[in-house]
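A look at the structure
Given next are the chains, with one letter for each unit.
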Amino acid sequence: MNSGHQHRIFGRRAQEHILILASGDKVRHMTVRPWMAALAFCFVGVFSIGYLLATSYLVLRDDLIGATMARQARMQHDYEDRIAALRAQVDRITSRQLLDQQVVEDKVDKLMEQQMALTSRHGKLDNLLDRAESSGLTEKDGAPSSPVQSYAPDVKDKRASLTGSGIEAIEKQLASGAPADATPDNSTLAYVPATDTVGDRADRVFSKVTLSLKDVEQDQRSRVEQLTSDAGNAANAIETVLTRFKIPMPETAARKDDDDAVGGPYVEPESNDGFNSSLAALDGALTRLEAVRSTAESLPFRNPAIGKDVTSPFGNRRDPFLGRLALHSGIDFRFSPGERIRPTAPGKVISAGWTGGYGNMVEIDHGNGISTRYGHMSEILVKVGDTVDRNDVIGLAGSTGRSTGTHLHYEVRQNGHAVDPVYFMNAGLKLATYIK
């Protein structure tokens, strides 16, 4: 009854499976639980899977090993190809750098040659510019009245600067910026050259410097030609004046005896460029200008009494003592007693003393048949044979001889004949820019 009651309340109880093992007289039994069955099932499943995997591995082992080895071989070949490509790229970069270095060195050598040429020209120009300054073609402060100057740089050594910027600027510009060749990313094997290499920057820098040096050279050439033209024009102007007074032109060409006692082996000239020819032309023009200028400066083209009143001009006049017409062979300038008298040009004293109506008179020979006379002086400060310059005092103003008052009687004589000093003084005004 109780059992039936329990069945009605809790349901029917599941029956347990019992495993009986008999061995002889021994009988053993074991109750099979559900979890045991599950565990046994799992074990069998795991064993089966392991067995299948082991069997598959044994069957497919050779194929897997071959595929792995092939993959490793492909990877090795890829890495070797990449290394070879990078090595070739490094070789190209190295070769490019060596080539750029050689190009830079060659261009530096060329620039140094140009620099040395400009420096050599600078030395030659210095002498010519000094001569041009002494000839009145350039101003005393160094600035040329005609646009001529030298731009050659100073040379200290082969690494010297080029006109202020030069090699140092080149090195500074070459040292700046990105590396010559940037190594590309390892992900690519193609050679990608850098956009801006040392050679490219060197080309730009050297092109600018070369153009600058060419501009300097052209500027020097044009200015030397201008100075040559100015010297020629000045010499022509002076020669025109000298020819008007029938003054023989100085011999500027080489004398015949200049070829005496000279010799030596024949050597080809250093260069054939036109600049040396222009320098030779300038030298010739300056030599000619110096010759005619020296001749002009030795002649009495200046006023002996600047700012003084003219009391009697050259020519016929009424004689102050006789009252009749007479030739006045000079010009009279009003002076104060004892005032200093200076010659109008350098020369040699050929007469100094009392000379008739001149009173105390000094005569100076200036060469080329030209002489000047200074009369009526109260005192003579030179003697015959003295060489005087324009700034030397030759005497003091007075009223000796045939004179009505203190004044200077000034004469200019050419080949012994008196000529109007005004002609010489007017010519001196035209030559004022060419002679000192």
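Treat the numbers as computed from the prediction; the structure is a model and nothing was measured.

**A word on the overall build of the chain**
A count of helices and strands for the chain gives six helices and 14 strands. Expressed as a percentage of the 436 residues in the chain, the buried residues total 31%. Long-range pairs, those at least 24 residues apart, make up 67% of the contacts in the chain with a sequence separation of at least 6. Split by element, the accessible area of the chain, about 27,700 Å² in all, is 55% carbon and sulfur.

**Focus on the side chain of Gln414**
Inspection of the secondary structure assignment puts Gln414 in strand E13 (residues 407–414). Only 2.6 Å separates the side chain of Gln414 from the backbone oxygen of Phe245, close enough to count as a polar contact. Beyond its immediate chain neighbours, meaning those up to four positions away, Gln414 contacts Phe245, Lys246, Ile247, Gly369, Ile370 and Val419.

**Points about unusual backbone geometry**
Phi angles above zero are rare outside glycine, and Asn368 is one such case at about 55°. Within the chain, His376 stands out as a residue other than glycine whose phi angle is a positive 65°. With respect to the helices and strands, the residue His376 is situated in strand E10 (residues 370–380).

**Here we look at the pattern of salt bridges**
If charged atoms from side chains of opposite charge come close, those side chains can pair. A complete count under the given rule lists eight salt bridges for this structure. A salt bridge links Glu339 to Lys308, with the shortest nitrogen-to-oxygen separation between them at 2.5 Å. Placement of Glu339 in the loop between strand E6 (331–334) and strand E7 (340–341) and of Lys308 in the loop between helix H5 (274–297) and strand E3 (310–312) is noted, with a sequence separation of 31 residues between them.

**Details of the packing of aromatic side chains**
Taken as a whole, this structure holds four aromatic pairs when the rule is applied. Aromatic pair Tyr374 and Tyr410: ring centres 5.5 Å apart, planes at 45°, arrangement tilted. Of the two residues, Tyr374 sits in strand E10 while Tyr410 sits in strand E13, which places them 36 residues apart along the sequence. Judged on exposure class, the residue Tyr374 and its partner Tyr410 are both buried. Feature note: the residues Phe245, Phe301 and Phe424 constitute an aromatic cluster, connected by ring pairs. Positioned over the ring face of Phe335 is Lys308, at 5.1 Å from the centre of the ring.

**Some details on helix H6 (residues 421–430)**
Looking only at H6, the buried set comprises Pro421, Phe424, Met425, Ala427 and Gly428. Across the axial projection of H6, the buried residues extend over an arc of 160°, all falling on one side. Of the exposed residues in H6, those oriented more than 90 degrees away from the buried face are Tyr423, Leu429 and Lys430. Regarding H6, its N-cap is Asp420, as a side-chain oxygen of that residue lies 3.0 Å from the backbone nitrogen of Val422 further along.

**As for the side chain of Ser298**
On the secondary structure map, Ser298 appears in the loop between H5 and E3. Filtering out sequence-adjacent residues up to four positions away, Ser298 remains in contact with Ala345, Pro346 and His366.

**With respect to the nonpolar core**
Ranked by internal contacts, the top residues of the largest apolar core, which has 48 residues, are Leu137, Leu289, Phe301, Ile341 and Ile394. Residue assignment for this core shows that the elements contributing at least two residues are helix H2 (34–134), helix H4 (198–244), H5, E6, strand E9 (360–367), E10, E13 and H6. Once residues lying within four places of it in the same chain are set aside, the contact partners of Leu289 are Ser135, Leu137, Ala231, Ala234, Ala235 and Ile238. Residues Leu111, Met112, Phe206 and Leu213 belong to the second largest nonpolar core, which totals ten residues.

**Things to note about the pairing of E6**
Taken residue by residue, a regular strand's side chains alternate between the two faces of the sheet. With two bridges joining them, E3 and E6 adopt antiparallel strand pairing. In the strand pairing of E6, Val310 is matched with Phe333. In the sheet, E6 pairs with E13 via four bridges, with the strands oriented antiparallel. Across the sheet, residue Asp332 finds its bridge partner in E13, namely His409.

**Notes on a nonpolar patch on the surface**
Together, Phe43, Val44, Phe47, Tyr51 and Leu52 make up an exposed nonpolar region whose accessible area comes to about 610 Å². Topologically, Phe43 is positioned in helix H2.

**Points about the pairing of strand E4 (residues 315–318)**
Note that E4 and strand E5 (residues 325–328) share four bridges and pair antiparallel. For Arg317, the partnering residue across the bridge sits in E5 and is Ala326. A loop of six residues connects E4 with E5, the two strands running antiparallel in sequence, and Gly323 in this loop sits at a positive phi of about 75°.

**Notes on the confidence of the model for the chain**
When pLDDT is averaged along the chain, the result is 78, and 77% of the positions lie at 70 or above. Low pLDDT, under 50, characterises residues 146–167; the stretch is placed with 55 contacts to residues that sit more than four places away or in other chains. Predicted confidence is poor over residues 252–257, with pLDDT under 50, and the contacts of this stretch with residues over four places away or in other chains come to three contacts.

**So, the environment of Gln218**
Position of Gln218 relative to the elements: it lies in helix H4. According to the relative accessible area criterion, Gln218 is partly exposed, its value standing at 47%. When the C-alpha positions of Gln218 and Phe275 are compared, they lie 9.3 Å apart, and in sequence the two are 57 residues distant.

Cut-offs used in this document
Residues numbered from 1 in each chain as written. Predicted model: local features only at pLDDT ≥ 70, side-chain atom pairs only at ≥ 80, totals over all residues. Heavy atoms only, no water. Helix = DSSP H or I, 4+ residues; strand = E, 2+ residues; numbered from the N terminus. Buried < 20%, exposed > 50% of the residue type's maximum accessible area, 1.4 Å probe, protein only. Contact = heavy atoms within 4.5 Å. Areas by Shrake-Rupley, 256 points an atom, 1.4 Å probe, with all protein chains shown as cover. Polar contact = N/O pair within 3.5 Å; in protein donor to acceptor, adjacent residues only side chain to side chain. Salt bridge = Lys/Arg side-chain N within 4 Å of Asp/Glu carboxyl O. Phe/Tyr/Trp six-rings, centres within 6.5 Å; stacked < 30°, edge-to-face > 60°. Lys NZ or Arg CZ within 6 Å of the ring centre and 35° of its normal. Arc of directions from axis to C-beta. Core = buried A, V, L, I, M, F, W, Y, C linked by side-chain atoms within 4.5 Å. Pairing = 2+ DSSP bridges. Patch = residues over 30% accessible without salt bridge, like charges linked within 9 Å, V, L, I, M, F, W, Y side chains within 5 Å. pLDDT = per-residue confidence, 0-100.

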